[in-house]
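Chain and residue survey
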Amino acid sequence: MNIVRTNVLTAALLLVASVPSVSLAWWGFVHYRVAKDIVGVDPNYAMGPDTFPSHFLFVITPEFAWSHAVMASDLDFPPPDIPQYPHDGRYPGRTMYELVTQKLRPSTLLAMQGPSAYEQSPLEAAKGFVVHNAADNIVHWTYFLGGDNPPGCNFPIQWMWETNHKFKEEWASYIVLMLKDARTNGGTGTPITLFQGPGVDGVMGTTDDIFSSLSEDTNGNGMLDTGEDQNGDGQLTDYTGNVFGPPGADGFRRLQPYLTALHPISYKTNAKLQQLGMKVYRKNRRNTDIDGLVGSGTESSEFAVKSVASIQSTFFSEILDSSNGQAAANELANMSLSRFSDLNMIASQVNAAGFTSCAIQRWHPVDVMSRYDQCVARGAAWLANIGN
């Protein structure tokens, strides 16, 4: 194992204690932000499929597999394996949409609603499932590599999961927020850009370079030196203060208030509709999907419909719980400059390792935003076709 590979594995171990023990495809904020770019969707419903814990130990839970239209299988032990789409008609968003628009009476739909976050609009809850699954379908275990190992790559599978999936998707949340929403002059000016920066070797132009620096000041001396003027304006440009505020009482530089104010996230779902969708799936599983593809694969975990109380409980713990730092609703509040710097360190080491060892994709903001745009396009297309 060369020094770059050793460093990247060590860095992954240093960071792993500070992140969730399980991981998704996009984190909550990006699901919210993708839905915000799709006409006709309330982005606060975009986290419905992540109501359930994704794994028990290292085995995917049947309810999470259902909510993401994939198969529950013990093949993902000990590290998670590539999700299998079994083509057996398990499309939770489509199923719930059909229930709301074709099966359930208006009086029933009204009775399903209430004041809590998990008693909200059944129609919006169904659409939230559709756009969430469409977004995951673009990137899960392809861009955010997990259970797969590219040809000729002999990294441990667990490294692929812990680093090239888990940390990359966390880093991608920062990239999307910065490139979609960060601006100068307290959020009222021009959009910011990201710069190339030296990686862990401190030398520009090598394979470990990052392209997610907030500053042109590559050597940190506070002056514009030869070769640092990347935008060609003749002055040192540093966007750090446009994204992160001054240190708080705990010493962390967190997001500027205008960025959190842009996204008054209030995650919602309808637990009763989710349960009905699970009941329909449990009763009507079939061997072909809506496109006529023949179902394949055998699930090792028998599917059980969760109670409404259980769905409410896990939606609270996974998505809403203010005391749980890893709950989705707390993501923006937890973002900090130091965490972004740590993730850029990992990005640097992955970039170097990927180019010297095997065909791992580099961590690059352009690629993140390309996938983001594809997710918006697919989500809009799935939503347009949901009633067909």
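Per chain, residue numbering runs from 1 following the sequence as it is written. In keeping with the predicted nature of the model, local features appear solely for residues at pLDDT of at least 70, side-chain atom pairs appear and are counted solely at 80 or more, and the whole-chain, interface and lining totals rest on all residues. In computing side-chain properties, one takes all heavy atoms of the structure into account and sets aside hydrogens as well as water.

1. Observations concerning the overall build of the protein
- Elements are defined by DSSP. Helices are runs of H or I of four residues or more, strands are runs of E of two residues or more, and each kind is numbered from the N terminus. The number of helices and strands found in the protein is 14 helices and 4 strands.
- Taking all 388 residues of the protein together, 53% fall into the buried category.
- We call two residues contacting when some pair of their heavy atoms lies within 4.5 Å. Excluding contacts between residues fewer than 6 apart, the proportion of contacts in the protein whose partners are at least 24 apart in sequence is 69%.
- Accessible surface, the protein as shown: approximately 16500 Å² in total, 55% of it carbon and sulfur. Accessibility here uses a 1.4 Å probe with only protein chains present; expressed as a share of the type maximum, an area under 20% marks a residue as buried, one over 50% as exposed, and anything in between as partly exposed. Using the Shrake-Rupley algorithm and a 1.4 Å probe, accessible areas are obtained, with residue cover drawn only from the displayed protein chains.

2. What to know about the nonpolar core
- Only buried residues count toward a nonpolar core. Its members are Ala, Val, Leu, Ile, Met, Phe, Trp, Tyr and Cys residues joined through side-chain atoms within 4.5 Å. In this structure, W26, M178, L214, V243, F244 and V368 are the most contacted members of the largest nonpolar core, which totals 62 residues.
- Of all elements in the fold, only α2 (28-36), α6 (122-139), α7 (157-181), α9 (257-261), α11 (308-320), α13 (337-357) and α14 (365-385) reach the threshold of two or more residues within this core.
- Residue contributions to this core peak at 10 residues, all from α7.
- Contact partners of V243, with chain neighbours within four places excluded, come to M178, A182, I192, L214, R254, L255, Q256 and L259.
- Judged by nonpolar contacts, the second largest core, of 27 residues, contains F64, L99, A126 and I386.

3. What to know about the packing of helix α4 (residues 92-103) against α6
- Viewed as axis vectors pointing N to C, α4 and α6 meet at an angle of 160°, and their least axial separation amounts to 8 Å. Classed by the angle they form, the pair α4 and α6 counts as roughly antiparallel. Judged by the sense of rotation from one axis to the other, the crossing of α4 with α6 is left-handed. Across the interface between the two elements, P92, G93, R94, M96, Y97, V100 and T101 of α4 pack against P122, L123, A126, K127, F129, V130 and N133 of α6. Here the axes come from fitting lines to C-alpha atoms, over the contacting stretch only for helices, and the angles between their N-to-C directions go from 0 to 180 degrees. Geometric relationships in this document are graded by angle, where less than 35 degrees denotes roughly parallel, more than 145 denotes roughly antiparallel, 65 to 115 denotes roughly perpendicular, and other angles denote oblique. A clockwise turn of the near helix away from the far one marks a right-handed crossing, whereas an anticlockwise turn of less than a right angle marks a left-handed crossing.

4. Observations regarding the confidence of the model for the protein
- Mean pLDDT over the protein: 85, with 81% of residues reaching 70 or higher.
- As a per-residue measure, pLDDT reflects the predictor's confidence and takes values from 0 up to 100. When the criterion is pLDDT under 50, residues 1-6 qualifies, and its contacts beyond four places in sequence or with other chains add up to 10 contacts.
- In this model residues 8-22 is a low-confidence stretch, pLDDT under 50, and it forms 33 contacts with partners more than four residues away in sequence or in other chains.

5. Thoughts on the side chain of E228
- You can see E228 is positioned in the loop between β4 (210-213) and α8 (240-243).
- Buried and without a salt bridge, E228 has R253 as its closest oppositely charged side chain, separated by 17 Å.
- What E228 contacts, discounting residues up to four positions off in sequence, is E216, D217, T218, N219 and M223. Counted charges follow a simple rule, with Lys and Arg positive, Asp and Glu negative, and His plus the chain ends left uncounted. Between Lys or Arg on one side and Asp or Glu on the other, a salt bridge is scored when a side-chain nitrogen of the former is within 4 Å of a carboxyl oxygen of the latter.

6. Describing the packing of aromatic side chains
- The criterion for an aromatic pair is that two Phe, Tyr or Trp rings (for Trp, the six-membered ring) have centres within 6.5 Å, with stacked assigned to planes under 30 degrees apart, edge-to-face to planes over 60 apart and tilted to the rest. Counted under the stated rule, the structure contains 7 aromatic pairs.
- Both rings, one in W26 and one in F144, keep their centres 5.1 Å apart while their planes meet at 85°; by these two values the pair is edge-to-face. Residue W26 is found in the loop between α1 (3-16) and α2, and its partner F144 is found in the loop between α6 and α7; the two are separated by 118 residues along the sequence. Here W26 and F144 have matching classes, each one buried.
- Seen from their ring centres, W171 and W363 are 5.3 Å apart, and the 40° between their planes marks the pair as tilted. Of the two residues, W171 is situated in helix α7 and W363 in the loop between α13 and α14; the sequence distance between them amounts to 192 residues. There is no split in this pair, since W171 and W363 are both buried.
- What links up through ring pairs into an aromatic cluster is the set F52, W66 and F129.

7. Some points on α2
- Of all 9 residues making up α2, 8 are buried, and the element is well covered by its neighbours.
- If you check which residues of α2 are buried, you get G28, F29, V30, H31, Y32, R33, V34 and A35.

8. Examining the pattern of salt bridges
- Within the structure shown, the criterion is met by 8 salt bridges.
- The salt bridge partner of R33 is D181, with a shortest N-O separation of 3.0 Å. Of the two residues, R33 sits in helix α2 while D181 sits in helix α7, which places them 148 residues apart along the sequence. There is no split in this pair, since R33 and D181 are both buried.
- Among the salt bridges present, the one from E170 reaches R339, with a minimum N-O distance of 2.7 Å. In this pair, E170 sits in helix α7 while R339 sits in helix α13, placing the two residues 169 residues apart along the sequence. As far as the burial class goes, E170 and R339 line up, both buried.
- One network of salt bridges, with partners in common, ties together R33, D37, K180 and D181.

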